[in-house]
Amino acid sequence: MSHQLPAILFLLPLFAAISMPVVCLKHRHWSYRISVATLAAMVLVSILNLHNVIHHGEIRYAFSGWTVPLGIEWVADGLASVILVLLSVLGLLGLVFTGSTSPKDLGGRIVHYYTLILLLVSALTGIAFAGDLFNLFVFLEVAAISSYALIGVAGGRALFAAFRYLILGTLGASLYLLGVSYLYAVTGTLNMSDMVDKLPFLLSSKAVVGGLIFMFIGLAIKMALVPFHSWLPEAYTYAPESISPILSSLVTKVALLAWIRIIYWVLNASIAINDIPILLLVSVLGTLAAVIGASLALAQRDLKMLFAYGGISHIGIIIIGISQGNQTGFSGGVFYLLNDAVMQAGLFFLAGVAFCQYGVRTIDDLGRVGKQAPWLTGALIVMALGMIGLPPTGGFFGKWYIILGALEAGNYVSVAAVLLSTLLTLAYFVKVFECIFRQSSTQFDAPSGEIPFSFKLTLGVTSAAIIVLGLSSGSIVQLLLDHALPPGL
Amino acid sequence: MVDALLAILQRPNFLTFVIIFLWGFYIMVTRYNLVKKLIGMYLVQTSVIFFLVSISVKKGATVPVLLSTSAPVQAAIYANPLPHVLTLTAIVVGVATTGVGLALCGAIYRKYGSLDEEEILEKLE
């Protein structure tokens, strides 16, 4: 039974999504409850799965009994299982938040709205578990198509942002598929564990190098790595308040996970192509993203835009961590990925509460409601500590391990990039707090209603999680070191 | 130079793929009409599918169904079914993406009364 857990984890949201339009045909309001129940079940199963993987080793799930290299294989190792716990918990929180903020004028289409959210969650589960390059492509596209539709739900500017996202995202997916077909033409296999034995002898082939470049560019568009980030800020800013937390915390991070898998599980990370180590290239990309993302964030006045650019710079910091090529850097990078997902979810919850409850969109407006909104200000302070990386938040320990890894590798440019990005993060949060605590003459007539319970819950849980992740960082990093390291690191 | 040209001409499928891919990419980048952008996107997707099909061609091979269960299997006489299955899946993904794209175009047209990117951007300002 326990080796079926990965399949169950995927089938739960998929089955709920497919059956929802039929089950909720008469009773629209059931759709919310069914989604929450599904995600709650996923949280339980994913924790069971993580427990199982820790105690009995990784699970290799061969679909319908067709073993590698003939069949499709899923790999539930430590890394995927940890990410799955994160995914289901944040998905559940996002759904709870959605309950009170979902667009009101949807009417009967609310059922399809929840169907799309569940479909997105199941596709992300598939990306995390996939042990097959083509399988990865299909799930990437299912996740992307659901995100385009969910962003478009808001109407207005969101339609145009979603269209741009669609054009760029599809270009990325096509490039990824092109890279996969190059690699397939050379090696004759699509399975990651099968390909890892064949690739090292083929690195002089231009087809392999070209294929890898296409795959990396494709995935870089999906995870909004600078300079392919232009779709993200608009898409996440104009997306419905209820959807941006789920998208920003999960979609880009899971695409990043796919990239980590290809670098470490398909390629042997220590290889060099034409005497250039690929990890060096990756760390340069990360450095650029960390600094440029944070600098662009400095210029933003819109809350969601600011947080979106912050997320882009943090993708860079995670990449700097995983590209150091040693255990400390890798586990620090993955730990920072967990933190960043929680912080991004929290920040977009915050932006959602600010808009839905107080009608605030920019940081200037935030100053006018600051003192009347204790929950908002409190959560913002905790999240700012996490984003800047001050102890005792998880952000601090993530950056700490990344810098230790970079020092171990003697990569001082990476250390400087992490520090510079931290300073820039500090700068834009100082700007936010300056607006909040400045004595404002124009008092804002905030609609002073009681904050709904779901807002308090989501803000409270994410703020608490940022602190708890920091306090238990030692044991989590140890767990990642014991169970989530790639082979040969 | 001549050698390189001859090498390219010996692989007309690669040449066709490159032409369709770049053509689609050019349309996506230069056209302002959103539906034309979608057409360019569809050309890019189709070119990749074309590439996948063209590298899996096998001359003189038959359908991958065993001709006889007693004789030893000769892989050389059967076509490889895998690239074709991949192609089928990629086509389905492409159709779904185009469908969502057209739906978005329709919604944009109802909202802004135009499909021209520049006009829409002017109205957004």
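This one's a predicted model, so the numbers in the text were calculated from it and none came from an experiment.

Asks: What should I look at first to understand the overall build of chain B in this one?
Replies: Per the secondary structure count, chain B includes five helices and zero strands. Reading chain B from its N terminus to its C terminus gives the helix and strand order α-α-α-α-α. In terms of overall size, chain B is more extended than a compact globule, its C-alpha atoms giving a radius of gyration of 21 Å where 125 residues would be expected to give roughly 14 Å. Dimensions of chain B, computed from the C-alpha atoms along their principal axes, are close to 70 × 45 × 15 Å. With 125 residues in all, chain B has 31% of them scored as buried.

Asks: I keep staring at the overall build of chain A and nothing clicks. Help me out?
Replies: Looking only at helices and strands, one finds 19 helices and four strands in chain A. Since a compact globule built from 489 residues should have a radius of gyration of about 23 Å, the 22 Å found for chain A is in line with a globular shape. Along the first, second and third principal axes, the C-alpha atoms of chain A reach 70 × 60 × 45 Å. Buried positions account for 63% of the 489 residues belonging to chain A. Residue pairs in contact within chain A that sit at least 24 positions apart in sequence constitute 79% of those at least 6 positions apart. Only carbon and sulfur atoms are counted for the fraction: they give 68% of the accessible area of chain A, which is about 16900 Å². The positive charge centre, built from 22 side chains, and the negative charge centre, built from 20, are 10 Å apart in chain A.

Asks: Even after reading the chapter, I still don't get the packing of aromatic side chains, so can you show me in this structure?
Replies: For any pair of aromatic rings, the description rests on two quantities: the centre-to-centre distance and the angle between the ring planes. Residues and elements named next belong to chain A. Counted under the stated rule, the structure contains 26 aromatic pairs over all chains. When the centroid spacing of 4.9 Å and the interplanar angle of 90 degrees are considered together, the rings of Tyr148 and Tyr165 count as edge-to-face. With Tyr148 in helix α5 (residues 133-152) and Tyr165 in helix α6 (residues 157-187), this pair connects stretches of sequence that are 17 residues apart. Like Tyr165, Tyr148 is buried. Both rings, one in Tyr428 and one in Phe429, keep their centres 5.3 Å apart while their planes meet at 40 degrees; by these two values the pair is tilted.

Asks: Help me understand the interface of chain A and chain B, please; the structure alone is not making it clear to me.
Replies: Buried accessible area, meaning the area lost when the parts come together, often serves as the stated size of an interface. Counting from both sides, the interface comprises 27 residues of chain A and, opposite them, 35 residues of chain B. When the buried surface of chain A facing chain B is broken down by residue, Phe160(A), Phe163(A) and Tyr184(A) rank first, second and third, together holding 23% of it. The interface formed by chain A and chain B holds one salt bridge in total. Between Arg164(A) and Glu117(B) there is a salt bridge, and its shortest N-O distance comes to 3.5 Å. Those elements giving two or more residues to the side of chain A that touches chain B turn out to be α5 and α6 of chain A. A per-element tally of the side of chain A that touches chain B places α6(A) first, with 18 residues.

Asks: Looking at this structure, how should I read the pattern of salt bridges?
Replies: When their charged atoms lie close together, side chains carrying opposite charge are able to pair. All names here are of chain A. For the structure on display, the rule yields twelve salt bridges over all chains. With a closest N to O distance of 3.0 Å, Glu73 and Arg60 form a salt bridge. You can see Glu73 sitting in strand β2 (residues 73-76) and its partner Arg60 sitting in strand β1 (residues 59-62), a full 13 residues away along the chain. With a shortest N-O distance of 3.3 Å, Glu241 and Lys304 are connected by a salt bridge.

Asks: Mind showing me how you'd approach helix α4 (residues 81-112) of chain B here?
Replies: Because each turn of an α-helix spans 3.6 residues, side chains separated by three or four positions in sequence point in the same direction. Residue and element names in this part refer to chain B. Its 32 residues place the ends of α4 47 Å apart at the C-alpha level, agreeing with the 46 Å of an ideal helix rising 1.5 Å per residue. Capping the start of α4, Asn80 holds a side-chain oxygen 3.1 Å from the backbone nitrogen of Leu82, two or three residues further along. Two residues or fewer after α4 comes Gly113, characterised by a positive phi angle close to 70 degrees.

Asks: Would you explain the pairing of β2(A) in this entry?
Replies: Here is the key point about a regular strand: its side chains alternate between the two faces of the sheet. Residue and element names in this part refer to chain A. Because side chains alternate across β2, one face comprises the buried residues Glu73 and Val75, and the other comprises Trp74 and Ala76, equally buried. Here β1 runs beside β2; their pairing, made up of four bridges, is antiparallel. Across the sheet, the residue bridging to Tyr61 is Trp74, located in β2.

Asks: Help me understand helix α3 (residues 34-54) of chain B in this model?
Replies: The first and last C-alpha atoms of α3(B) sit 30 Å apart over 21 residues, in line with the 30 Å expected at 1.5 Å per residue. Its side-chain oxygen placed 2.9 Å from the backbone nitrogen of Val35(B), Asn33(B) serves as the N-cap of α3(B).

Asks: What is the right way to read a negative patch on the surface from this model?
Replies: Judged by side-chain charge, Glu118(B), Glu119(B), Glu122(B) and Glu125(B) come together as a negatively charged surface patch. Relative to the elements of secondary structure, Glu119(B) occurs in helix α5 (residues 117-124).

Asks: I would appreciate a short explanation of a nonpolar patch on the surface in the present structure.
Replies: Residue and element names in this part refer to chain B. Judged by side-chain polarity, Met1, Val2, Leu5, Leu6, Ile8, Leu9, Leu15 and Ile19 come together as a nonpolar surface patch covering roughly 830 Å² of accessible area. Elements with a minimum of two residues in the nonpolar patch: α1 (2-9) and α2 (12-30). Here the nonpolar patch takes five residues from α1, the largest share from any one element. Structurally, Leu5 can be placed in helix α1.

Criteria and cut-off values
- Residues numbered from 1 in each chain as written.
- Chains lettered and ligands numbered in written order.
- Predicted model: local features only at pLDDT ≥ 70, side-chain atom pairs only at ≥ 80, totals over all residues.
- Heavy atoms only, no water.
- Helix = DSSP H or I, 4+ residues; strand = E, 2+ residues; numbered from the N terminus.
- Rg over C-alpha atoms; globule rule 2.2 N^0.38 Å.
- Buried < 20%, exposed > 50% of the residue type's maximum accessible area, 1.4 Å probe, protein only.
- Contact = heavy atoms within 4.5 Å.
- Areas by Shrake-Rupley, 256 points an atom, 1.4 Å probe, with all protein chains shown as cover.
- Lys, Arg positive; Asp, Glu negative; His and termini not counted.
- Charge placed at Lys NZ, Arg CZ, Asp CG, Glu CD.
- Phe/Tyr/Trp six-rings, centres within 6.5 Å; stacked < 30°, edge-to-face > 60°.
- Buried area = accessible area lost by both parts, 1.4 Å probe.
- Salt bridge = Lys/Arg side-chain N within 4 Å of Asp/Glu carboxyl O.
- Expected span 1.5 Å × (residues − 1).
- Polar contact = N/O pair within 3.5 Å; in protein donor to acceptor, adjacent residues only side chain to side chain.
- Pairing = 2+ DSSP bridges.
- Patch = residues over 30% accessible without salt bridge, like charges linked within 9 Å, V, L, I, M, F, W, Y side chains within 5 Å.

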